[in-house]
Amino acid sequence: MTLSCLLVFMAQMTTTIYLPSLPVVAHDFGMSRGYAALTVSAFVIGAAAPVVLWGVAADRYGRRGPLLTSLALFVLTSALVPLLRFPEGLLVLRALQGIGAGGSAIIARILVRDRWSGDELARRLSVLSIAFITAMGGGQFLGGLIGRYSHWETGFVVLAAVGTVAAALTFTVPFASSRAERRPSEVLRICLAIGRQPGFLLPALAGGAGFATIVMLQEVSPFVFQQHFGLAPEQYGSLGLLLGAAYFAGALTVNRLVAKVGSGRLMTAGSIVVTAAGLVMTVLWSVPGLPGGGALVAFVALYCLTTFGQSVLFPNSMATAVSGRHAHGAYAVSLCGFLQQSMAGAAAAGAALLHTDLAWATVAAVLGAAAWLMTRVAASSAPTEGR
């Protein structure tokens, strides 16, 4: 659990430590807001694209080798980013960094799935959310301090150091051994068989819709807070502590209630919160002449509410999706991660094109509603194992 938490922390902080300096990055490289936002999208898409391949590698070669490979790629690209001076190179390195971080994060969840299932898996995944919380709040706060007292490249030096520590920690943990080698056609058959099951697909997509909402908010929020509301980078970074508190509250809710309520009901409840926050956010940006201070407070509250809802939705959606897949746990986790990361990548890429607050708020509301509809159907067929 310690190693898995560190890997999830590292992957999430790669985004949050960078966010407060995003307007500065745009200025330094002479990029537009949309192009700068693509550096976030490139990371998310890079994390999504090879997730299934990471799962296949973890199944074929065992967990340690693929994990060390992903960490080596992450550390190398993190160390190279500060040396760049042209925007195209930044996009490429961010995509490669995403590939490394995505591999590490999905193997972290495979390690947890190796040991637990059912509602206990949801509880353990909520523990991983603590790492996500720390990276979300602490990473953004640290990024704000870096923006105030140093330069944005320092954040990538910190990331390289964290990745190095994670690599060292892998040698202290026993991992599951590799299984029989599978042909590509057999891997495809297994993934298609898993993906055709509504008990897997609907929860996975619901969690992906919630994740896409959060990633989109992360991408647009530096510009909303710093350019629309005029906050300094360190002030924006401090808001990460509020977001971390909101995510912690959701993770604590899951940890304490999942054994009594069940993953299906909590998954639905989280999607309702995300949907409601998105709808109110759309109304907020539709009101003309709303005072700046009032709009700022309302937006922060709604951002925190969305974060809380996602922290309840996400671990339960993944646990519901993968718990029934006993024979192919690594494939189920990696396929679930691929679907969810892909949805987040698509939302992040779309957010780069949405320059008005009402436009992206409307998309957030639609994503939340989609998550709610899918959880309504998925909850009725949620696995009962572990209850």
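**Brief notes about the overall build of the chain**
In terms of helices and strands, the chain carries 15 helices and zero strands. Projected onto its principal axes, the C-alpha coordinates of the chain cover approximately 60 × 45 × 35 Å. Of all 387 residues assigned to the chain, the portion counted as buried reaches 58%. Relative to all contacts within the chain whose residues are 6 or more apart in sequence, the contacts with residues 24 or more apart total 88%. Of the roughly 14,300 Å² that the chain leaves accessible, carbon and sulfur atoms contribute 69%. Computed over 23 positive and 13 negative side-chain charges, the separation of the two mean positions in the chain equals 10 Å.

**Examining the packing of helix H4 (residues 51-61) against helix H6 (residues 87-115)**
It is the contact of H4 with H6, at a shortest axis distance of 9 Å, that shows an interaxial angle of 50°. On the basis of the axis angle, H4 is oblique to H6. Between H4 and H6 lies a crossing whose hand is right-handed. Along the contact surface, H4 presents Val51, Trp54, Gly55 and Ala58, while H6 presents Ile99, Gly102, Gly103, Ile106 and Ile110. Among the residues forming the contact of H4 with H6, the class breakdown is six nonpolar, three polar and no charged.

**As for the nonpolar core**
In this structure, Phe200, Phe225, Trp285, Phe299, Val322 and Trp360 are the most contacted members of the largest nonpolar core, which totals 114 residues. When near neighbours in sequence (up to four residues on either side) are disregarded, Phe299 contacts Val224, Phe225, Phe229, Met281, Leu284, Trp285 and Trp360. Core analysis: the second largest hydrophobic core is formed by seven residues, Ala206, Met267, Ala371 and Ala378 among them.

**Structural notes on the packing of aromatic side chains**
Taken as a whole, this structure holds 12 aromatic pairs when the rule is applied. Taking 6.2 Å as the distance between ring centres and 40° as the angle between the ring planes, the aromatic pair formed by Phe229 and Trp285 counts as tilted. You can see Phe229 sitting in the loop between helix H10 (198-228) and helix H11 (233-261) and its partner Trp285 sitting in helix H12 (residues 263-286), a full 56 residues away along the chain. The exposure class assigned to Phe229 is buried, which follows from its relative accessible area of 17%. Between Trp285 and Trp360, the aromatic rings sit 6.2 Å apart at their centres with planes inclined by 65°, giving edge-to-face as the arrangement. With Trp285 in helix H12 and Trp360 in helix H15 (residues 357-379), this pair connects stretches of sequence that are 75 residues apart. Here Trp285 matches Trp360 in class, with each residue buried.

**Focus on the layout of surface pockets**
Empty space within the largest pocket amounts to approximately 170 Å³. As for the largest pocket, its lining consists of Val52, Val187, Leu188, Cys191, Leu192, Gly195, Leu201, Leu335, Phe338 and Leu339. Among the elements of the structure, helix H9 (184-195) and helix H14 (329-351) are those that each provide at least two residues to the lining of the largest pocket. If you tally residues by element for the lining of the largest pocket, the top one is H9, at five residues.

**Observations regarding the side chain of Gln340**
Looking at where Gln340 falls in the secondary structure, it is placed in helix H14. In this view, Gln340 contacts Pro203, Ala204, Gly207, Gly208, Phe211, Phe314, Ser317 and Met318; residues no more than four positions away in its chain are not counted.

**Digging into the confidence of the model for the chain**
Taken as a whole, the chain shows an average pLDDT of 84; of its residues, 92% reach a score of 70 or greater. Looking at the elements of the chain, mean pLDDT is at its lowest for H9, recorded as 77, and at its highest for helix H5 (residues 64-80), recorded as 95. Here residues 383-387 is a poorly scored stretch, pLDDT under 50, and it has 12 contacts once near neighbours within four places are set aside; other chains count.

**What to know about the pattern of salt bridges**
Enumeration over the complete set of coordinates arrives at three salt bridges. The shortest N-O distance in the salt bridge between Arg124 and Glu120 comes to 3.0 Å. Linking Arg124 with Glu120, this pair stays in helix H7 (residues 118-149), spanning four residues, or about one helical turn. The class for Glu120 is partly exposed, based on a relative accessible area of 27%. The partner of Arg148 in a salt bridge is Glu234, and the shortest N-O contact between them spans 3.5 Å. In this pair, Arg148 is assigned in helix H7 and Glu234 in helix H11, connecting sequence segments 86 residues apart. Residue class for Arg148 comes out partly exposed when judged on its relative accessible area of 46%. With relative accessibility at 24%, the residue Glu234 sits in the partly exposed group.

**Regarding the packing of H7 against H11**
Two numbers describe how H7 lies on H11: the axes approach to 7 Å, and their chain directions differ by 170°. With respect to each other, H7 and H11 are oriented roughly antiparallel.

**Description of the environment of Leu205**
Residue placement: Leu205 occurs in helix H10. Leu205 sits 154 residues away from Val51 along the chain, and the two C-alpha atoms are 15 Å apart.

Quick notes on the rules
- Residues numbered from 1 in each chain as written.
- Predicted model: local features only at pLDDT ≥ 70, side-chain atom pairs only at ≥ 80, totals over all residues.
- Heavy atoms only, no water.
- Helix = DSSP H or I, 4+ residues; strand = E, 2+ residues; numbered from the N terminus.
- Buried < 20%, exposed > 50% of the residue type's maximum accessible area, 1.4 Å probe, protein only.
- Contact = heavy atoms within 4.5 Å.
- Areas by Shrake-Rupley, 256 points an atom, 1.4 Å probe, with all protein chains shown as cover.
- Lys, Arg positive; Asp, Glu negative; His and termini not counted.
- Charge placed at Lys NZ, Arg CZ, Asp CG, Glu CD.
- Axes fitted to C-alpha atoms, helices over the stretch in contact; angles between N-to-C directions.
- Parallel < 35°, antiparallel > 145°, perpendicular 65-115°, else oblique.
- Left-handed = near helix turned anticlockwise from the far one by under 90°.
- Nonpolar A, V, L, I, M, F, W, Y, C, P; charged D, E, K, R; others polar.
- Core = buried A, V, L, I, M, F, W, Y, C linked by side-chain atoms within 4.5 Å.
- Phe/Tyr/Trp six-rings, centres within 6.5 Å; stacked < 30°, edge-to-face > 60°.
- 1 Å grid on protein atoms, 1.4 Å probe; cavity = no way out; pocket = protein on both sides within 12 Å on 5 of 7 lines; lining within 4 Å.
- Points joined across faces, edges and corners; volume = space filled by probe spheres on them.
- pLDDT = per-residue confidence, 0-100.
- Salt bridge = Lys/Arg side-chain N within 4 Å of Asp/Glu carboxyl O.

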